[in-house]
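In case you want the letters, here they are:
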Amino acid sequence: MAGIEFVQIAVLVAFGFNVVALVALIMLKAVHRRRMRLHDRRRESYVSLLSRHVAFEHCTDRITPEMAEDPAFLDALIDVRNAVAGPEMATLREIVSRHGVVEHQMARLRSPFPLGRRLRAAVALAEIGDETAAPALMESLDDREPEIRIQAARGLGRIRWTPAIDRIVWRFGIETPWVRVRFSDTLTMFGTKATWPLLAYVRINHKHETEGPKLALRTLAQIEDRDAVKPILEILAESRNLEIQIAAIEALGELGSPGAVPALSEMLTSPHWELRAKAATALGSIGDEWATPLLVSSLRDPDWWVRRNSAAAIARMPAGIESLYEALESSDPFAADAAAEALTNAGELISARLRAGEPDEEANEPLVAYMSATGKAEP
Amino acid sequence: MTQPKRILVADDSPTITTLLRSALEGAGYEVSSAIDGVEAYEKGRDGDFDLAILDQLMPGLLGLEIIDRWHKEGIEIPVIMLSGVDDDRTVIDSLDKGAVDFVRKPFRLPELMARIRHRVQA
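How each quantity is defined
Residues numbered from 1 in each chain as written. Chains lettered and ligands numbered in written order. Predicted model: local features only at pLDDT ≥ 70, side-chain atom pairs only at ≥ 80, totals over all residues. Heavy atoms only, no water. Helix = DSSP H or I, 4+ residues; strand = E, 2+ residues; numbered from the N terminus. Rg over C-alpha atoms; globule rule 2.2 N^0.38 Å. Buried < 20%, exposed > 50% of the residue type's maximum accessible area, 1.4 Å probe, protein only. Contact = heavy atoms within 4.5 Å. Areas by Shrake-Rupley, 256 points an atom, 1.4 Å probe, with all protein chains shown as cover. Expected span 1.5 Å × (residues − 1). Polar contact = N/O pair within 3.5 Å; in protein donor to acceptor, adjacent residues only side chain to side chain. Salt bridge = Lys/Arg side-chain N within 4 Å of Asp/Glu carboxyl O. Buried area = accessible area lost by both parts, 1.4 Å probe. Nonpolar A, V, L, I, M, F, W, Y, C, P; charged D, E, K, R; others polar. Pairing = 2+ DSSP bridges. Right-handed = clockwise from strand over helix to strand, strands pointing away. Axes fitted to C-alpha atoms, helices over the stretch in contact; angles between N-to-C directions. Patch = residues over 30% accessible without salt bridge, like charges linked within 9 Å, V, L, I, M, F, W, Y side chains within 5 Å. Lys, Arg positive; Asp, Glu negative; His and termini not counted. Charge placed at Lys NZ, Arg CZ, Asp CG, Glu CD. Core = buried A, V, L, I, M, F, W, Y, C linked by side-chain atoms within 4.5 Å. pLDDT = per-residue confidence, 0-100. Parallel < 35°, antiparallel > 145°, perpendicular 65-115°, else oblique.

### A word on the overall build of chain A
Each helix and strand counted, chain A has 22 helices and zero strands in total. Taken over the C-alpha trace, chain A has a radius of gyration of 31 Å; the compact-globule value for 379 residues is 21 Å, which it surpasses by more than 25%. Seen through its principal axes, chain A has C-alpha atoms that stretch 85 × 70 × 50 Å. The 379 residues of chain A split such that 47% are buried. Residue pairs in contact within chain A that sit at least 24 positions apart in sequence constitute 65% of those at least 6 positions apart. When the accessible surface of chain A is split by element, carbon and sulfur atoms take 57% of a total near 20,000 Å².

### Here's the deal with the overall build of chain B
When you go through chain B residue by residue, the secondary structure sums to five helices and five strands. What you see for chain B is a C-alpha radius of gyration of 13 Å, in line with the 14 Å of a compact globule of 122 residues. Its C-alpha atoms give chain B principal-axis dimensions of roughly 40 × 30 × 25 Å. Counting across all 122 residues of chain B, residues that qualify as buried make up 47%. Considering only contacts in chain B between residues 6 or more positions apart, those separated by 24 or more positions represent 60%.

### Re helix H3 (residues 71–83) of chain A
Residue and element names in this part refer to chain A. Helix length check: H3 (13 residues) gives 19 Å between terminal C-alpha atoms against 18 Å at 1.5 Å per residue, within 8%. Across the 13 residues of H3, 11 count as buried, placing the element largely inside the fold. Residues of H3 that are buried: Ala72, Phe73, Leu74, Asp75, Ala76, Leu77, Ile78, Asp79, Val80, Arg81 and Ala83. Its side-chain oxygen 2.9 Å from the backbone nitrogen of Ala72, Asp70 forms the N-cap of H3.

### Digging into the pattern of salt bridges
Residues and elements named next belong to chain A. Throughout the structure, instances matching the rule amount to 32 salt bridges over all chains. Note that Glu175 and Arg171 form a salt bridge whose closest N and O atoms lie 2.7 Å from each other. Of the two residues, Glu175 and Arg171, both sit in the buried class. Salt bridges linked by common partners bring Asp142, Arg149, Arg167, Arg171 and Glu175 together as one network.

### Some points on the interface of chain B and chain A
In this complex, chain B contributes 13 residues to the contact, which on the side of chain A involves 17 residues. Each partner contributes to the roughly 1,200 Å² buried at the junction of chain B and chain A, and carbon and sulfur atoms together form 72% of this total. In this assembly, chain B and chain A are joined by zero salt bridges. A class-by-class count of the residues in the side of chain B that touches chain A yields eight nonpolar, four polar and one charged.

### A short note on the pairing of strand E5 (residues 101–104) of chain B
Residue and element names in this part refer to chain B. Bridge count between strand E4 (residues 79–83) and E5: four bridges; the pairing is parallel. Directly across from Met81, in E5, lies its bridge partner Phe102. Assessed by its sense of winding, the connection that carries the chain from E4 through helix H4 (residues 88–96) to E5 is right-handed.

### Some thoughts on the sheet that holds E5(B)
Residues and elements named next belong to chain B. Spatially, E2-E1-E3-E4-E5 is the arrangement adopted by the five strands of the open sheet, whose pairing is parallel. Strands at the two margins of the open sheet, each flanked by one partner only, are strand E2 (30–34) and E5. Looking at each pair of strands side by side, their axes are set apart by 20° on average, direction ignored. In this sheet, E4 lies alongside strand E3 (residues 51–55) in parallel orientation, the contact comprising four bridges.

### Structural notes on a positive patch on the surface
Residue and element names in this part refer to chain A. Taken together, the side chains of Lys29, Arg33, Arg34, Arg37 and Arg41 define a basic patch exposed on the protein surface. Relative to the assigned elements, Arg37 resides in helix H1 (residues 2–55). Of the residues examined, Arg37 reaches a relative accessible area of 48% and is grouped as partly exposed.

### Points about the nonpolar core
Counting residues in hydrophobic clusters, the biggest one holds 126 residues, and the most contacted among them are A:Ile232, B:Leu20, B:Leu24, B:Ile53, B:Phe107 and B:Ile116. Sequence-distant contacts of B:Phe107, that is, excluding residues within four places in its chain, are made with A:Ala83, A:Val84, A:Ala85, A:Glu88, B:Ile16, B:Leu19, B:Leu20, B:Leu82 and B:Leu112. Membership of the second largest hydrophobic core comes to 21 residues, among which are B:Ala34, B:Leu61, B:Trp70 and B:Met81.

### Here's the deal with a nonpolar patch on the surface
Nonpolar side chains collect at one region of the surface, where A:Phe15, A:Val19, A:Val23 and A:Met27 lie side by side and expose about 390 Å² of accessible area between them. Mapped onto the fold, A:Val23 is located in helix H1.

### Some details on unusual backbone geometry
The step from B:Lys105 to B:Pro106 runs through a cis peptide bond, and the omega angle for that step is -5°. Structurally, B:Pro106 can be placed in the loop between E5 and helix H5 (109–121). Despite not being glycine, A:Glu224 has its phi angle at roughly 60°, a positive value. Counting through the fold element by element, A:Glu224 comes out in the loop between helix H12 (211–223) and helix H13 (229–238). Judged by relative accessible area, A:Glu224 falls into the exposed class, the value being 61%.

### What to know about the pairing of E3(B)
Residues and elements named next belong to chain B. Burial analysis of E3 places five of its five residues in the buried class, the great majority of the element. On E3, burial covers both faces: Leu51, Ile53 and Asp55 on one face and Ala52 and Leu54 on the other are all buried. Here four bridges tie strand E1 (residues 6–10) to E3, and the two strands are oriented parallel to one another. Within E3, the position partnered with Ile7 by the bridge is Leu51.

### Let's talk about the confidence of the model for chain A
Residues with a pLDDT of 70 or more make up 93% of chain A, whose mean pLDDT is 88. For chain A, helix H21 (residues 348–355) of chain A is the element with the lowest average pLDDT, namely 54, and helix H14 (residues 242–255) of chain A is the one with the highest, namely 96.

### What to know about the packing of H3(A) against helix H1 (residues 14–26) of chain B
Here H3(A) crosses H1(B) at 80°, and the two axes come no closer than 10 Å. Looking at the two axes, H3(A) sits roughly perpendicular to H1(B). For the pair formed by H3(A) and H1(B), the contact residues are A:Asp79, A:Val80 and A:Ala83 on the first element and B:Thr15, B:Ile16 and B:Leu19 on the second.

Now the structure itself:
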């Protein structure tokens, strides 16, 4: 009997505890909602206040020091900053400077606060984009928290703080993949100023590291600085690392410089099918018709992927469609197949008409004949 | 005393509507705001506005769809289109459909105010 009573009491206690926990949770949620509502209301009134300052040169509405320390004011400031452009930015910068907004956030970022508060400060500094925050953001590139390092780099990118470029590039080699990708996004904000530090990084590290140099090459392609073509060609010639070679070829294709065509054409005869396939795609992106005969030869490549990429590249060349029609007559069935596939992809209309049984005989007779003969015209 | 000119501001970003409302009210206009396309369409249909500032991308109805519907119902409100989408197609479509002006976001507030002044006086 005593055992049963004990179980009953235990169940009651557990039930009571759960009820109390549930009530506490509901109350906490209600308090949080109320806080958020009040925060949003203050934020809206601050947006209104800042808007008047931005719209009217001699606005007399006061911004008090208490307001400037309110997180809702900071949110409003960021909102307005993102909504307007031009001379209004100077008004906002003046408000930021007069009320010590940057100093306040810098102090928070440097404090031993928990991550949430420090991260909020880092995001705020990145969004405000004020040059006075640069020293604190530079320090934060070495922060123990990855998200803070990302925000610090983003903030430095927004203000184009060029002394940060080397530090960000240097961290490519020691960061996690996620941080590295975000750093790459940041470096594109610096534009061509990041070209040489990135090239130097690849040159120094490509022999003993893969991931960092690969991403650096991709970043170079995104920056779209054609001055990088020659050094990337040198790296391509020097590297024995297949992944880096692929990244270099892709970068050359995206940069679109005709100066890369001879080296890429040479890659069409590489013993590695991956390099041949990537080189064909890159040549297609550059679109220099000098490479067309070489790409036509690659339609007979032993590897299916190379043939496919070569045909797709030819389709992108000026007068490439004619070359593909000629390849349909090739004695090599693989070359003809690749050409037929590229022609079909180049004009979806063709395959649509074939499926509907209404071939456009006048324009596509050889392709229609080829597709019918090989049974590829069937739906 | 002359009646203040009435302007409808529609944008799904509360920051933009608050910003424009503050600036326009400060300049002496009467402002009504909407936070989605349907609300904007209904307010335009029911109210008598001298100008509407419509965001192109709004939930419910797009800015261009609102212009279309107003035209079909014979409601002639001059529209300044706002858009964060930076493509020429949107600009051309907006002007073709009868918008009197097009402003890209982020915008320069004094410039937008000058365009509004010009349109409302015209």
